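Coordinate analysis (summary)
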Amino acid sequence: MTIAAKLREAGVLGMNRRNSVFTMRWNPRRFYPRVDDKLETKRLLRDAGIPTARVLAVARVHSEVRKMLAELDAYPSFVLKPAHGAMGNGILVVLERDGEWYRRPGGKWIDRRALFYHSASIISGAYALGGQPDVAFAEERLEVHPELVAITSEGVPDVRVIVYRGVPVMSMTRLPTQRSRGRANLHQGAVGAGIEIDTGCTNHAVLGGKPVPVHPDTQEPVIGRAIPEWTRALEIAVRASDQTGLGYVGADVVIDANHGPLILELNARPGLAIQVANRMGLLPRLEAVDARVRPAMNWPERIALGAEIAREAREGRKA
């Protein structure tokens, strides 16, 4: 059997099919700004009563950078981001401040001039999706939930939930490492651990595409972990997706130590590595949603459907 045939048999969704069958059909282009612009996403969710990380300061043009940095003097730590960034590019985390110096994950210090230059680069479009002029903003730095401290280092883990037609179909947690410099992005060296939708427990984990039983920095097991406040995390992922008008969304949730679950960002083109983290293909679950979801279903009913489909998939895998 060829590799392509094996992938089809496993129900693995490829990029071409994701784009042609799912995102092009269910994600109208006119709604992309609702998720591609992180500040617009925050406004949309805030109006719907869905929690997100608080915005501390914004610079829309180069002449506003100095004012933004002055406003950030009131905070000991923060996260600087491009409004139109992707895959974690351009994100700069500040853990603490000492006068004109700022400490980043990994222990490296940068001065105010470097922070100014990075902000100006964001506005020039250095990290924007299409390279267009962008907006720099800083949001509050979230804290690792105590139940996740043992399986992360130098950053805050998040939970990615794929929501298809309002139904949560697959999830994973992304665990920062020293190699990823505190970022929760798999291609930058974070661990991806699949999560069972119906139980909220991790089932499998990968680093660099290879299975791993423990976190590489802490050596703590990453499989069989219960994600704290899982029910609430699923709820806000589905409700946030409902606000976008998109039918195929990746919702990123952080379980913050102080605020509980909140939406970090939404994505109209979520990556496919979540299948590797779960050791299972997306396609059978998406087809099950097409067959069983009904327009009149409310969000609790759609979450129950997602849990039912995930449980059936797991039991089929064991059979």
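To keep things clear, this report deals only with the structure shown in the data block. None of these values were measured; they are calculated from a predicted model.

Some thoughts on helix 2 (residues 15–26)
Those residues of helix 2 that fall on the buried side of the exposure criterion are Arg18, Phe22 and Thr23. End-on view of helix 2: buried residues confined to an arc of 85°, all on one side of the axis. Projecting away from the buried face of helix 2 at angles above 90 degrees are the exposed residues Asn16, Met24 and Arg25. Among the structural elements, strand 8 (158–164), strand 13 (248–256) and helix 9 (283–292) are those in contact with the buried residues of helix 2.

Quick word on the pattern of salt bridges
Across all of its chains, the model carries 24 salt bridges by this definition. Across the pair Arg225 and Glu220 runs a salt bridge whose closest N-O atoms are separated by 3.4 Å. Given the relative accessible area of 22%, Arg225 is considered partly exposed. Residue Glu308 pairs with Arg292 through a salt bridge whose shortest N-O separation is 2.4 Å. Pair noted here: Glu308 is in helix 10 (residues 299–318) and Arg292 is in helix 9, with a separation of 16 residues, a long-range link. We classify Glu308 as partly exposed; its relative accessible area is 33%.

Thoughts on the environment of Gly271
Looking at the secondary structure, you find Gly271 in the loop between strand 14 (260–267) and helix 8 (274–278). A sequence separation of 88 residues divides Gly271 from Arg183, and the C-alpha atoms of the two residues are 16 Å apart. What Gly271 contacts, discounting residues up to four positions off in sequence, is Arg18 and Arg160.

Things to note about helix 5 (residues 65–72)
All of the buried residues along helix 5 are Val65, Met68, Leu69 and Leu72. Down the axis of helix 5, the buried set is contained in an arc of 95°. They therefore lie on one face. Helix 5 presents Arg66 and Lys67 as exposed residues on the side facing more than 90 degrees away from its buried surface. Packed against the buried residues of helix 5 are strand 1 (55–59), strand 2 (78–82), helix 6 (112–124) and strand 7 (136–139).

Thresholds applied
Residues numbered from 1 in each chain as written. Predicted model: local features only at pLDDT ≥ 70, side-chain atom pairs only at ≥ 80, totals over all residues. Heavy atoms only, no water. Buried < 20%, exposed > 50% of the residue type's maximum accessible area, 1.4 Å probe, protein only. Helix = DSSP H or I, 4+ residues; strand = E, 2+ residues; numbered from the N terminus. Arc of directions from axis to C-beta. Contact = heavy atoms within 4.5 Å. Salt bridge = Lys/Arg side-chain N within 4 Å of Asp/Glu carboxyl O.

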